Amino acid sequence: MNYRLLGRTGFPVSEIGYGMWGMSGWKDSDDTQSMESMQRAVDLGCTFFDTAWAYGDGHSESLLGKLVRANPDKRLYTASKVPPRNRAWPSQREHTLDDCYPPAYVSRYIDLSLKNTGLEQLDLMQLHTWEDSWLQDDRWIQELQRAKENGKIGSIGVSLNRWEPWNGIKAVRSGLVDCVQVIYNIFDQNPVDELFPACEEHNVGVIARVPFDEGTLTGTITLDSTWPEGDWRNTYFVEENLRSSVAHVGPLREIVPPNSSMPEMALRFILSNPTVSTTIPGMRKLNHVVANIAASGRGPLGPSLLQTLYNHRWDREPTSWSQ
């Protein structure tokens, strides 16, 4: 495993982190399997774990707390997120700070996350949605800075809405946030236009989420793919999106390097960008943990393949199903 600094936090995090949504928000998740997979990740050098209160109403956070306590000799970096009060993902332009993150509410959910994990401090606390317009009301940052001063959290971040990397550039330039979490993968390359240069300039850490485009970039999703009733993927892979996603991923199968795989290529594409601090694939199964972490040791992709993959950029706009 290789390690990178998480921006100005100074945290030396594993470049392959662990996204914990799938172990509580998807119907086929299993706690025993999740704990085994997370422990295997720790054993292989993974040190960054990203969860949220919204992942099972705190259940995912409780699993992270168990993992930390099971590894007292290892420095694991913990990240969670305050859910929006109106439970709207993504946020909309008309949503106010009081709709989503009034100060007393932010304070309450920081305390709830600490209670769920059983930890005295979380290394990173993020707002789970973000609007740059909220910079006009400094109550949100005052509350997070107070929690930081009181030792409840170590650093402050925001998670940007799907396909809206532009809606976080002002936050980065404000100097108020230590990290941003944003979708970045072979298809979603928009962050390189303006967001990443701003992060480099202000030494803001970048957490690249959705490295496999919700599964499309694993190469396993087809027009016949189905998911259990109640699974979130049923609301994301509506017919319009499923057909387009399968069509876009098809040509990628032809350019996977020898002795590699599409998931490995997807991860190495992300890690080829030095602005990225860590990427957080969901890894509920042991074989996924082993394969994904091995991608770190393979290093960046070659210039020729990278140039080819740049041409697979797919610019999308948020819609009713993109959440």
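Note: the structure precedes this text.
Only a predicted model underlies this, so the values are computations on that prediction, with no experimental measurement involved.

1. Comments concerning the pattern of salt bridges
One pass over the full model with this rule turns up 21 salt bridges. A salt bridge links arginine 313 to aspartate 315; its shortest N-O distance comes to 2.8 Å.

2. Some points on the packing of aromatic side chains
Taken as a whole and judged by the stated rule, the model has 18 aromatic pairs. Measuring from centroid to centroid gives 5.4 Å for tyrosine 18 and phenylalanine 49, while their planes differ by 20°, and the two rings are stacked. Here the residue tyrosine 18 occupies a position in strand 3 (residues 18-19), and phenylalanine 49 occupies one in strand 4 (residues 48-50), the gap between them amounting to 31 residues. As far as burial versus exposure is concerned, tyrosine 18 and phenylalanine 49 are alike and both buried. Between tryptophan 163 and tryptophan 321, the aromatic rings sit 5.9 Å apart at their centres with planes inclined by 85°, giving edge-to-face as the arrangement. Taken together, the residues tryptophan 163 in the loop between strand 7 (156-159) and helix 7 (169-174) and tryptophan 321 in the segment after helix 13 (303-310) connect sequence positions 158 residues apart. Classification of tryptophan 321 as buried rests on a relative accessible area of 12%.

3. Quick notes on the sheet that holds strand 3
Reading across from one edge, 3-4-5-6-7-8-9-10 is the order of the eight strands in this open sheet, with parallel pairing throughout. Both edges of this open sheet fall to strand 3 and strand 10 (278-279), since each of them pairs with a single strand only. In terms of strand pairing, strand 6 (residues 124-127) meets strand 7 through three bridges, oriented parallel. Residue methionine 125 lies in a different strand from strand 7, and its bridge partner there is isoleucine 156.

4. Topic: the nonpolar core
Nonpolar side chains tend to gather and get buried jointly when the protein is soluble and globular. Counting 74 residues, the largest nonpolar core has Tyr18 and Phe49 as its most contacted members. The biggest single contributor to this core is helix 11 (residues 262-271), with seven residues. Contacts of phenylalanine 49, omitting those with residues within four sequence positions, involve Tyr18, Met20, Met38, Val42, Leu64, Leu67, Leu76, Tyr77, Thr78 and Ala79. Counting residues in hydrophobic clusters, the runner-up holds ten residues, among them Phe48, Tyr77, Ala79 and Leu124.

5. A closer look at the state of the cysteines
For the structure on display, the rule yields zero disulfides. Distance from the sulfur of cysteine 179, which forms no disulfide, to the nearest cysteine sulfur (cysteine 199) is 9.2 Å. For cysteine 199, a relative accessible area of 1% corresponds to the buried category.

6. Observations regarding helix 13
Within the sequence span of helix 13, burial applies to Leu305, Leu306 and Leu309. Seen end-on, helix 13 carries its buried residues on one side only, within an arc spanning 100°. Facing away from the buried side of helix 13 by over 90 degrees, the exposed positions are Pro303 and Ser304. Packed against the buried residues of helix 13 are helix 11.

7. Focus: helix 10 (residues 239-249)
Listing the buried residues of helix 10 in full gives Asn241, Leu242, Ser245, Val246 and Val249. One side of helix 10 carries all its buried residues, which in axial view fall inside an arc of 125°. Exposed side chains of helix 10 directed beyond 90 degrees from the buried face belong to Glu239, Glu240 and Ala247.

8. Here's the deal with unusual backbone geometry
A cis amide bond links tryptophan 89 with the next residue in sequence, proline 90, at an omega value of -5°. Position of proline 90 relative to the elements: it lies in the loop between strand 5 (77-82) and helix 4 (97-100).

9. Examining the environment of alanine 54
By secondary structure assignment, the location of alanine 54 is in the loop between strand 4 and helix 3 (59-70). When the C-alpha positions of alanine 54 and glutamate 164 are compared, they lie 21 Å apart, and in sequence the two are 110 residues distant. When near neighbours in sequence (up to four residues on either side) are disregarded, alanine 54 contacts Trp89 and His128.

10. What to know about the pairing of strand 5
Taking burial as the measure, the six residues of strand 5 include six buried ones, the bulk of the element. Of the two faces of strand 5, the one lined by Tyr77, Ala79 and Lys81 and the one lined by Thr78, Ser80 and Val82 are each fully buried. With three bridges joining them, strand 4 and strand 5 adopt parallel strand pairing. Bridged to phenylalanine 48 within strand 5 is tyrosine 77. For the segment spanning strand 4, helix 3 and strand 5, crossover handedness is right-handed. Relative to strand 6, strand 5 runs parallel, the two being bridged by four bridges. Bridged to valine 82 within strand 6 is leucine 127.

So, how was this worked out
- Residues numbered from 1 in each chain as written.
- Predicted model: local features only at pLDDT ≥ 70, side-chain atom pairs only at ≥ 80, totals over all residues.
- Heavy atoms only, no water.
- Salt bridge = Lys/Arg side-chain N within 4 Å of Asp/Glu carboxyl O.
- Phe/Tyr/Trp six-rings, centres within 6.5 Å; stacked < 30°, edge-to-face > 60°.
- Helix = DSSP H or I, 4+ residues; strand = E, 2+ residues; numbered from the N terminus.
- Buried < 20%, exposed > 50% of the residue type's maximum accessible area, 1.4 Å probe, protein only.
- Pairing = 2+ DSSP bridges.
- Core = buried A, V, L, I, M, F, W, Y, C linked by side-chain atoms within 4.5 Å.
- Contact = heavy atoms within 4.5 Å.
- Disulfide = S-S within 2.5 Å.
- Arc of directions from axis to C-beta.
- Right-handed = clockwise from strand over helix to strand, strands pointing away.

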